[in-house]
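# A closer look at the structure
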Amino acid sequence: MRTQVGIVGGGPAGLLLSYLLHLRGIESVVLERRSREELESEIRAGVLEQGTVDLLNEIGVGERMMKEGAFHRGVNLQFGGHRHRIDFQDLVGRGIMLYGQHEVVKDLIAARLAAGGEIVFEARAVAVEGADTGSPAIRYVGREGREETLSCDFVAGCDGFHGVCRQSIPDGARREYERHYPFGWFGILVEAPRSSEELIYCLHERGFALISTRSPQIQRMYLQCDPEDDVANWPDDRVWEELHARLAMAEGGWRLKEGPILQKGIVAMRSFICEPMRYGRLFLAGDAAHIVPPTGAKGMNLAVSDVRVLCESVAAFYASGRTDLLDAYSERCLRRVWKAQRFSWWMTSMLHRFHGEDEFRYRLQLAELDYVTGSRAASTSLAENYTGLPLE
Ligand code: FAD
Ligand code: DHB
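Below is a short write-up of the structure. Here the structure is a predicted model, which means the values were calculated and not measured.

Take the overall build of the chain next. From N to C terminus, the chain includes eleven helices and 20 strands. Its C-alpha atoms give the chain principal-axis dimensions of about 65 × 40 × 40 Å. Taking all contacts inside the chain whose residues are at least 6 apart in sequence as the whole, residues at least 24 apart take part in 71%. Of the roughly 16,500 Å² of accessible surface on the chain, 47% is carried by carbon and sulfur atoms. Of the side chains in the chain, 46 bear a positive and 55 a negative charge, and the two mean positions are spaced by 2 Å.

Next up, the structure:
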């Protein structure tokens, strides 16, 4: 098989890239390890920056998001039993959209297939070959277990953190930066009405908690936990007890709404960046190149901004043979990626309990939250980063 751009991975990065390229008249094939059903049912991100929302609307795949998603004008930060609202709309004139990542994935798959695009499900890439030549190829194993080759002009490595594309870059040609955090998130999906109109990010002595939403009937909540913990150690009663304790307000009056828990899972947290995001004709995008801890809600949004830059660079090459934008791809992305990494690290450090460290650190975190919520300058900085720094 042959195409112009071979895309490994059918997550948000790969699917969006494929659709953006199609709009520029450039052919691509997406190879995705999992089935369509698995891909469309995985619960992950929920917060879309204004720039992501605008892009999905511009390219005509935002219709369902505008109908079923919820536009939020701010978030709440809670500490010491008190809740403080950060009004994004007032501070920076932008907001965020709450709409599940798997819904975005469904919309992109539908749009791509309707346009005659090729997404090969259950096709596992095993290696990228000839990335440093003019004609790279992706070796993959298809549904029938046969090894096949996709030859192309460019390879887009959109295969997430555990994919094969980054590993195809020789050790000496990449540098990796990494930080692990001593906690994870226990996430649940609940069938219940909303407990709060807007998200609540909460720091409590017992640890972090987050209230988010997916729809008026389905809510998403997270609790700081041990990253090595087992879901089996968290029966429903324990989950609710922890959420009630962490989210309780000093003045009372507010109550978390419970309901049947539909799903539970634990995610570990890390910061990771691979530099550069390119090797010859192989370009990494999204989680394949970088991971942020989820507290800043940046991962999927970064995947979107990467592929936007990549599409523009590839399109310039096909239109006029220009290679300067391809050469600048990694640097342009990394400037934004490092800023999002900084913001995610900062939110994570401010809002989680570092058990085992002295009280000094915790008191500094409380002072920082007091400053952020009390100062218009500091709130504006949070709002500017959370709603998304401008694309260049
Ligand atoms: P992925 O979504 O990981 O997609 C990679 C795809 O490649 C997968 O479908 C995989 O099956 C496929 N693949 C892997 N290896 C191969 C192979 N060898 N061959 C073929 N296919 C392969 N981000 C936000 O922006 N906002 C949020 O609110 C947010 N919340 C989050 C909450 C949680 C609990 C978690 C875990 C993440 C959250 N994120 C959030 C991060 C976000 O989910 C990721 O950053 C996003 O999925 C990255 O998209 P991607 O396309 O780069 O990678
Ligand atoms: C959600 C996920 C996040 O990482 C976050 O910071 C806020 C909300 C969510 O899944 O809704």
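Let's pick the thread back up.
Here we take up the site of ligand 1. Close to ligand 1 lie 34 residues, the nearest being Glu32, Gln101, Ala125, Asp287 and Met300. Within the backbone of Ala297, one N or O atom sits 3.2 Å away from a nitrogen atom of ligand 1. When ligand 1 sits alone it has 1,000 Å² of accessible area, and the protein chains cover 91% of it. When residues of the shell around ligand 1 are traced back to their parent elements, those giving at least two are helix H1 (12–23), strand E2 (28–32), strand E9 (124–129) and helix H8 (299–320).

Attention shifts here to the site of ligand 2. Looking at ligand 2, there are 14 residues lining it, with Tyr201, Ser212, Arg214, Tyr222 and Pro294 nearest. Considered on its own, ligand 2 offers 290 Å² of accessible surface; in the complex 95% of this is hidden by protein. Mapped onto the shell around ligand 2, the elements with two or more residues apiece are strand E15 (207–213) and strand E16 (218–225). Within the shell around ligand 2, the residues separate by chemical class into eight nonpolar, three polar and three charged.

The rules behind the values
Going along each chain's sequence as written, the residues are numbered from 1 onward. Each chain gets a letter, beginning with A, and each ligand a number, beginning with 1, in the order they are written. Reporting of local features is limited, given that this is a predicted model, to residues whose pLDDT is at least 70; pairs of side-chain atoms are given and counted only at 80 or more, and all residues count toward the totals for whole chains, interfaces and linings. Side-chain numbers here rest on the full set of heavy atoms in the structure, without hydrogens or water. Numbering of helices and strands starts at the N terminus; helices are DSSP runs of H or I of at least 4 residues and strands are runs of E of at least 2. Residues are treated as being in contact if the distance between any of their heavy atoms lies within 4.5 Å. To measure how exposed things are, a 1.4 Å probe is used in the Shrake-Rupley method; for residues, cover is taken only from the protein chains shown. Think of it this way: Lys and Arg go in the positive column, Asp and Glu in the negative one, and His and the chain ends go nowhere. For this purpose, a charge sits on NZ of Lys, CZ of Arg, CG of Asp or CD of Glu. In this text, near means that some heavy atom of the residue lies within 4 Å of the molecule or strand in question. Any pair of N or O atoms that falls within 3.5 Å is considered a polar contact. Within protein, one atom must be able to donate a hydrogen and the other to accept it, and sequence-neighbouring residues count only if both atoms are side-chain atoms. Following the grouping adopted for this structure description, the nonpolar residues are Ala, Val, Leu, Ile, Met, Phe, Trp, Tyr, Cys and Pro, the charged ones are Asp, Glu, Lys and Arg, and the polar ones are all others, Gly among them.

Limitation: the analysis is restricted to geometry and does not speak to function.
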